[in-house]
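Each chain, written out:
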Amino acid sequence: MLLQETVLCATSPTTSNAGPGLIAVHDIQTGAILASFKQTNAGSHSVAVLESRNTQGGFILASQPEKSIMNVYNFQKDQINLKIVLPEKLTCITLDRRGDLCAGGTISGRIYIWETASGILYNSWDAHYRQINVLRFTNDGAALISGSDDSGVSVWSVSRLLDEEMQREHVVPFCTLSDHTLPVTDIVCGVGIFPDCRVLTSSVDHSVKLWDLSSRSLLTTFHFPQPIFHLVWDITERLFFAASSDGSIHQMNLFRERDSKLGGIVTEAVGGAGVSDIIRVDDDESRQARKKRLISVGEFITSICISLTSAILLVGTSEGLIHLYDIPSHQLLRTISSHKGLSISHLQTMIKPPDLIGHISLDFRVGSTTDAKDTIPVKMVMPFQRMRDAKAREAHEVTMMLPNHNTAHLYKNETSSYSTDEFLRDHAFFVQPSAAIQTGEPDPISLKSKVAELESEVERLREHLSKAKGVNDAMWDTVVHRLVTQVKDPDLPTDGTTDDAEEVQRRKKRGRAT
């Protein structure tokens, strides 16, 4: 399979376990570890990933909570590729979709923004009064959204932050979303081009708020029984999940069905009335409906995400477990328990990188995997500047690694080399795993159960074969004993019956030998 979904998780040590954490890539179907990157203790919102795509290798950034250090990994090497010394400790980091810009927030409320390919520090400014908890780029990378302990959410125009002529001016946000009353814990950006997109924010004040950036207004407030620390939004913006500290995950549907006055059923959006529109999840009317939309994990939740097919909810806990739930039924499908004793600080799903170490999936006419790694160039990450340098910005030297022209044609791009049969097969595997069985390629879960059934069947057949051999040996001994007795008995007639008995015995021996 060319496109295989994987789970990337980052772990950090807990109070009971002072050992180092790691970053691991798991198969989402079997839970097996495909690769691991060690020597990192990144906390929540401190890992940023650029996926490998379009014949270019990606990278992983992991800022360390106790040091002003950022570790850089690429998928072709299981060791640290680069250590970047930062101006100060970062509490959160984020990358834009292309991996060109990296933003980091600090405990003092300051934000830094760098260019990854050159390391140039484009801007640094005091964005909030207190610690910054989360940073997010919009899908098009045109805006940067920050959430802080001062209960404020600020939206910054990236073009203004990068404009050299505005460097001496005071940085002013595009808008400020100030309706939370306690620290902001998570931010999720919806689809769309800035500012025509919506944003979800969560806070310790028990609320999740839905904002419209084009009108700079609050659409709806969802009030929960407990503080909300983690959010994940369906790609189609039909629903979102909000995780609280007591191990409860609430599913909130943003659309509902009602009976039409003209007959039939009408689907309408939930909320949208503005500041006065508050949907309380813990009221008496919605209590029974809330039970149907509630997932009780029973452990402290540290991270959540949704699979690429929007069919599986992945939940990371402080015990080092990753639970996979079926979204329509809320049933627990399986649990990945490879990181017990560590806390799952980051969780996301992605397509397995074609240049993943130990799993190079390239079409080569040359033999070695070293040639394979050289064929996919990794997007370069240079050491970040600790202070702004006008000369470096004016020179603006960008480092790039280009593929070898002698071997570039040997790489088989996973997106353009799909045949129709392969595409339909992989699509069936992603959307409906049971359909893969009809094509003769069972999924790993059913394959395991079938292997167990076949092994038990083989064991049963072996027992029957042993019994059959015992019966055959007993019958053979009886016949031979009878024939030998007849030959040795002197009273038996000698008119050729002895010769006949010996002939029968020889035939039996020849048959047994064959």
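Computed from a predicted structure; not experimentally measured.

For the protein, the count of helices and strands is eight helices and 31 strands. Counting every position in the protein, which comprises 514 residues, the buried fraction comes to 47%. Excluding contacts between residues fewer than 6 apart, the proportion of contacts in the protein whose partners are at least 24 apart in sequence is 51%. When the accessible surface of the protein is summed, it comes to about 26500 Å², and 52% of that surface belongs to carbon and sulfur atoms.

Scanning the model with the defined rule gives ten salt bridges in all. By sharing partners, the salt bridges in this structure join R98, D100 and K379 into a single network.

The next subject is the side chain of S146. With respect to the helices and strands, S146 occurs in strand β13 (residues 143–148). Take S146: its relative accessible area is 0%, and that puts it in the buried class. In terms of polar contacts, S146 uses its side chain to reach the side chain of H128, at 2.7 Å. Side-chain polar atoms of S146 contact the side chain of W156, separated by 3.1 Å. Apart from the residues lying within four places of it in its own chain, the contact partners of S146 are I111, H128, V134, L135, G152, V153, S154, W156 and I187.

Here we take up the environment of L231. Topologically, L231 is positioned in strand β20 (residues 228–233). With a relative accessible area of 6%, L231 lands in the buried category. Expressed as a C-alpha distance, the spacing of L231 and T185, which sit 46 residues apart in the sequence, is 8.9 Å. If sequence neighbours within four positions are ignored, L231 has contacts with D186, V188, L200, T201, S202, V208, F240, F241, A242 and I304.

Burial of strand β8 (residues 90–95) is extensive: five of the six residues sit out of reach of the surface. As paired strands, β8 and strand β9 (residues 101–106) are joined by five bridges and run antiparallel to one another. The residue of β9 that forms the bridge with L90 is T106. Hairpin connection from β8 to β9: five residues lie between these consecutive antiparallel strands, with G99 at a positive phi of about 75°.

The subject of this paragraph is the side chain of H346. Inspection of the secondary structure puts H346 in strand β31 (residues 342–351). A residue is classified by how much of its surface remains accessible, and H346, at 13% relative accessible area, is buried. Side-chain polar atoms of H346 contact the side chain of Q348, separated by 2.9 Å. Here H346 is in contact with L8, C9, A10, V47 and S303, once residues within four sequence places are set aside.

So, about the sheet that holds strand β26 (residues 294–296). One open sheet accounts for four strands, arranged β20-β21-β22-β26; its pairing is antiparallel. This sheet does not close on itself; its edge strands, each paired only once, are β20 and β26. Along the sheet, successive strands turn relative to each other by an average axial angle of 20°, direction set aside. Note: β20 against strand β21 (residues 239–244), five bridges, orientation antiparallel. The residue bridging V232 from the neighbouring strand is F241, located in β21.

Taken as a whole and assessed by the stated rule, the structure comprises seven aromatic pairs. Here Y112 and W114 contribute two aromatic rings whose centre-to-centre distance is 5.5 Å and whose plane-to-plane angle is 5°, an arrangement assigned as stacked. Each residue in the set F37, Y73 and F75 is aromatic and connected to the rest through ring pairs, giving one cluster. Directly above the ring of Y112 sits R110, whose terminal nitrogen or CZ lies 5.9 Å from the centroid.

To continue, consider the pairing of strand β30 (residues 332–336). Two elements, strand β29 (residues 322–326) and β30, share four bridges in a ladder whose sense is antiparallel. Bridging from a neighbouring strand, L324 pairs with R334 of β30. Hairpin connection, β29 to β30: the antiparallel pair is bridged by five residues, and H330 has positive phi, about 65°.

Time to look at the nonpolar core. L61, M70, I84 and F384 are the most contacted members of the largest nonpolar core, which totals 18 residues. Of all the secondary structure elements, the ones that give two or more residues to this core are β4 (47–50), β5 (59–63), β6 (69–74), β7 (82–85), β8 and β10 (110–115). Here this core gets three residues from one element, more than from any other, and that element is β8. When neighbours within four sequence positions are excluded, F384 is seen to be in contact with M70, I84, V85, L86, C102, W114, E115, T116 and G119. F37, A42, V49 and M350 belong to the second largest nonpolar core, which has 17 residues in total.

Strand order in the open sheet formed by four strands is β8-β9-β10-β11, with antiparallel pairing between adjacent strands. Each of the sheet's edge strands pairs with one partner strand only, and the pair in question is β8 and β11 (121–126). With direction set aside, neighbouring strand axes in the sheet form an average angle of 15°. Bridge count between β9 and β10: five bridges; the pairing is antiparallel. Of the residues in β10, the one forming a bridge with C102 is W114.

Here we come to the confidence of the model for the protein. On average, residues of the protein score 83 in pLDDT, and 81% of them reach the 70 mark or higher. Note on residues 407–411: pLDDT is under 50 here. Beyond four places in sequence and across chains, it has twelve contacts. Low confidence marks residues 433–440, where pLDDT is under 50. Its contacts with residues over four positions away, or in another chain, come to eleven contacts.

Rules and cut-offs
- The numbering scheme is per chain: residues are counted from 1 as the chain's sequence reads.
- pLDDT decides what is reported in this predicted model: residues at 70 or higher carry local features, side-chain atom pairs at 80 or more are listed and counted, and totals for whole chains, interfaces and linings draw on all residues regardless.
- Side-chain descriptors were evaluated using all non-hydrogen atoms of the structure, hydrogens and water having been removed beforehand.
- What counts as a helix is a DSSP run of H or I of at least four residues, what counts as a strand is a run of E of at least two, and both are numbered from the N terminus.
- Only protein chains enter the calculation, and the probe is 1.4 Å; a residue is then buried if its accessible area is under 20% of its type maximum, exposed if over 50%, and partly exposed in between.
- Should any heavy atoms of two residues lie within 4.5 Å, those residues are counted as being in contact.
- Accessible surface area values rest on a Shrake-Rupley calculation with a 1.4 Å probe, where residue burial reflects the displayed protein chains alone.
- Throughout this description, the term salt bridge denotes a Lys or Arg side-chain nitrogen within 4 Å of a carboxyl oxygen of Asp or Glu.
- Counting of polar contacts relies on pairs of N or O atoms within 3.5 Å, with two restrictions inside protein: one atom must be capable of donating a hydrogen and the other of accepting it, and residues adjacent in sequence are counted only when both atoms are side-chain atoms.
- Strands pair, by our definition, only if DSSP identifies at least two bridges between them.
- Every angle, taken between N-to-C directions, lies between 0 and 180 degrees, and every axis is a line fitted to C-alpha atoms, over only the stretch in contact when it is a helix.
- Only rings of Phe, Tyr and Trp enter the pairing, Trp through its six-membered ring, and a pair is recorded when the two centres are within 6.5 Å. The plane angle decides the type: under 30 degrees is stacked, over 60 is edge-to-face, the rest tilted.
- A ring is scored as having a charge over it whenever the NZ atom of a lysine or the CZ atom of an arginine sits within 6 Å of its centre and within 35 degrees of its normal.
- Within this scheme, the nonpolar core is defined by two criteria: the residues are buried Ala, Val, Leu, Ile, Met, Phe, Trp, Tyr or Cys, and they are joined through side-chain atoms within 4.5 Å.
- Along the chain, pLDDT gives the predictor's confidence residue by residue, from 0 to 100.

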